[in-house]
Amino acid sequence: MMDTAYEGGRRPRLRLFWVFGLIGFLLCNWVDGFQDLNVTEHQFMDGYGFSTSPLMAGLTLIAGAASTGAVCLDGTLPGYHLHRGYGSGANSWLVHLEGGGWCDSIRTCVFRKKTHHGSSLHMEKLIPFTGILSNRAEENPDFYNWNRVKLRYCDGASFSGDGQIEAKKLYFRGQRIWSAAMKDLMSKGMRYANQALLSGCSAGGLASILHCDEFRELFPGTTRVKCLSDAGLFLDEIDVSGRRTLRRMFSGVVRLQQVGKTLPQACTNHRNPTLCFFPQHLIAQTKTPLFLLNSAYDSWQVLASIAPPTADPHGHWQGCRANYADCSSSQIQFLQDFRKQMLNAVDRFSRSKRNGLFINSCFAHCQTERQDTWFAHDSPRIRNKGIAKSVGDWYFDRAEVKAIDCPYPCDNTCHNLVFSRGFPGK
């Protein structure tokens with residue numbers, strides 16, 4: 001049987017977009033030695049909380065990108081989806097960076113370049129704008145009438161790296177794609193912005209941290225510029241086997257795609273480049289105001305980094321990995337220790353008044369583009385304040401937001417993800 005995923009304690013709301021994404025996951029999930037790490041944000045986001053008829057935004061390819069070598073893994077042009085702002089939001093810009101894992105070897109990158117995360121030939125021509133990208137005030141009260149952009153992710157290194165392997169026709173041009181996209185958007189009016197927000201989900205959430213200060217430098221000092229990372233706080237922590245699965249993965253990405261030369265020097269001057277790909281070593285040094293939205297029990301990190309099948313050959317974690325309700329007391333304690341490590345990682349960062357936090361105790365991943373988690377009558381809350389309100393209050397300086405949830409299982413507002421029947425590793 002194929003996987004399904006639903007919100008724990010809530011009625012499933014699956015759509016075809018979700019099912020197709022999940023089939024894609026099952027087909028590509030076992031490529032190379034890091035098969036568990038190829039889950040994209042589509043598997044966690046698609047099919048949830050869509051409007052009855054959401055805005056569908058068309059794909060724009062960046063025509064001038066090829067002249068600077070800013071191309072996808074397969075050499076095709078990068079692109080983005082843009083919906084123009086109006087009224088009070090006509091000169092406000094939200095740039096959202098798509099997520100979708102990474103590729104750390106020639107084999108995984110060759111596979112990736114045949115997908116929408118490696119080639120614009122395979123990108124959807126129209127995508128729904130929901131959650132933080134919605135154009136409806138009742139769904140997105142603070143940003144609905146802004147210029148809203150979703151930059152497609154087709155490099156495999158969180159919009160960083162700068163290299164190529166000509167023999168395999170692989171182009172690692174994430175940094176150039178970032179630069180070409182910003183140049184194109186500036187020419188289309190973003191240079192006149194009086195306020196701007198850089199956001200991103202998952203691998204795009206990591207990218208929003210990596211590029212936050214660069215984004216700030218695009219604008220004059222009079223422009224309000226801030227950054228938001230959704231599910232981008234990937235931790236360099238020990239997995240259930242005592243190894244560091246994600247560090248090994250990131251090491252391959254950094255080495256293969258020559259990411260080191262594009263990482264913030266404030267970090268690489270003192271640390272190995274692989275460690276500087278982990279947000280915990282970057283966030284306290286980021287000068288631009290930054291908001292971290294993350295689940296303390298991030299579903300992707302549980303599935304692919306903390307307890308992947310490769311670290312669990314006897315399948316002791318297979319039930320817990322698929323459904324948090326099937327975790328033993330010792331497994332829950334392991335996850336509680338992970339939460340403590342996350343809170344330790346943000347401690348120094350949180351002391352700055354300019355920064356914001358919303359760390360809820362849910363089993364979730366990517367909560368800004370899902371309408372049901374971003375802004376709905378039953379959205380997740382901490383101290384009775386939801387995600388959209390928290391981000392808006394922080395962005396517009398209406399209130400300081402440092403929201404950290406109590407440990408699982410105290411939060412009954414979560415939209416927890418549960419995977420059932422046939423999940424890889426079961």
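Residues numbered from 1 in each chain as written. Predicted model: local features only at pLDDT ≥ 70, side-chain atom pairs only at ≥ 80, totals over all residues. Heavy atoms only, no water.

S.K.: Kindly report on the overall build of the protein, identifying the contributing residues and their values.
M.R.: Counting secondary structure elements, the protein contains 14 helices and 16 strands. In the protein, which comprises 426 residues, the proportion classed as buried is 63%. Put simply, of all contacts in the protein between residues at least 6 apart along the chain, 76% involve residues at least 24 apart. Only carbon and sulfur atoms are counted for the fraction: they give 52% of the accessible area of the protein, which is about 15,800 Å². (Helix = DSSP H or I, 4+ residues; strand = E, 2+ residues; numbered from the N terminus. Buried < 20%, exposed > 50% of the residue type's maximum accessible area, 1.4 Å probe, protein only. Contact = heavy atoms within 4.5 Å. Areas by Shrake-Rupley, 256 points an atom, 1.4 Å probe, with all protein chains shown as cover.)

S.K.: I'd like a rundown of the sheet that holds strand β5 (residues 126–129), residues and numbers included.
M.R.: Strand order in this open sheet of ten strands is β5-β2-β3-β6-β4-β9-β10-β11-β12-β15, and the pairing throughout is mixed. The sheet is open, and its two borders are formed by β5 and β15 (402–404), each paired with just one other strand. Neighbouring strand axes in the sheet, compared pairwise and without regard to direction, differ in orientation by 20 degrees on average. Relative to β15, strand β12 (residues 356–360) runs parallel, the two sharing three bridges. Of the residues in β15, the one forming a bridge with F358 is A403. Against the sheet, helix α4 (residues 174–187) engages β3 (79–83), β4 (92–97), β6 (147–151) and β9 (195–201), with an angle of about 160 degrees to β4. With respect to the sheet, helix α5 (residues 203–210) is in contact with β4, β9, β10 (224–230) and β11 (290–295), its orientation differing from that of β9 by roughly 140 degrees. (Pairing = 2+ DSSP bridges. Axes fitted to C-alpha atoms, helices over the stretch in contact; angles between N-to-C directions.)

S.K.: How would you sum up the packing of helix α9 (residues 299–306) against helix α11 (residues 329–345)? Please name residues and give values.
M.R.: In a pair of packed helices, the angle between the axes and the distance between the axes together describe the arrangement. Where α9 contacts α11, the two axes come as close as 12 Å, and the packing angle between them is 110 degrees. On the basis of their axis angle, the class for α9 and α11 is roughly perpendicular. On the side of α9, the interface is formed by Q301, V302 and I306, while α11 contributes F334, L335, F338 and M342. Its residues placed into classes, the contact of α9 with α11 shows six nonpolar, one polar and no charged. (Parallel < 35°, antiparallel > 145°, perpendicular 65-115°, else oblique. Nonpolar A, V, L, I, M, F, W, Y, C, P; charged D, E, K, R; others polar.)

S.K.: Would you mind going over unusual backbone geometry in detail, with residue names and values included?
M.R.: Trans is the prevailing form of peptide bonds, just as negative phi is the prevailing case for residues other than glycine. The linkage connecting Y408 with the following residue, P409, adopts the cis geometry, with an omega of 15 degrees. Its place among the elements puts P409 in the loop between β15 and β16 (417–420). Positive phi is not limited to glycine here, since S158 has a value of about 55 degrees. Position of S158 relative to the elements: it lies in the loop between β6 and β7 (163–165).

S.K.: Mind laying out the packing of aromatic side chains, listing which residues take part and the relevant values?
M.R.: Each aromatic ring pair is summarised here by two numbers: the centre-to-centre distance and the angle between the ring planes. Evaluated as defined, the whole model comprises 25 aromatic pairs. Note on F215 and F219: the rings are 5.2 Å apart at their centroids and 75 degrees apart in plane angle, and the pair reads as edge-to-face. Three or more aromatic residues joined by ring pairs make a cluster, and in this case those are W102, F234, F250, F277, F278 and W300. The ring of Y153 has R112 lying over it, and the distance from NZ or CZ to the ring centre is 4.8 Å. Above the ring of W394, the side-chain terminus of K226 is found at 4.9 Å from the ring centroid. (Phe/Tyr/Trp six-rings, centres within 6.5 Å; stacked < 30°, edge-to-face > 60°. Lys NZ or Arg CZ within 6 Å of the ring centre and 35° of its normal.)

S.K.: Before we move on, can you summarise the environment of M342 with the specific residues and values?
M.R.: With respect to the helices, strands and loops of the structure, M342 is situated in helix α11. A relative accessible area of 0% means that M342 is categorised as buried. With 106 residues separating them in the primary sequence, M342 and D236 have C-alpha atoms 9.9 Å apart. Once you skip the residues sitting within four places of it in the chain, M342 turns out to touch L233, L235, N294, S295, A296, Q301 and I359.

S.K.: Describe in detail the pairing of β9, supporting the description with residues and values.
M.R.: With respect to burial, β9 is a largely interior element, seven of its seven residues being buried. Side chains Q195, L197, S199 and C201 project from β9 onto one buried face, and the interleaved A196, L198 and G200 project onto a second face that is buried too. Bridging between β4 and β9 involves six bridges; their strand directions are parallel. Along β9, the bridge assignment pairs L94 with L197. With seven bridges connecting them, β9 and β10 associate as parallel partners. Looking at β10, one finds that L198 is bridged to C227.

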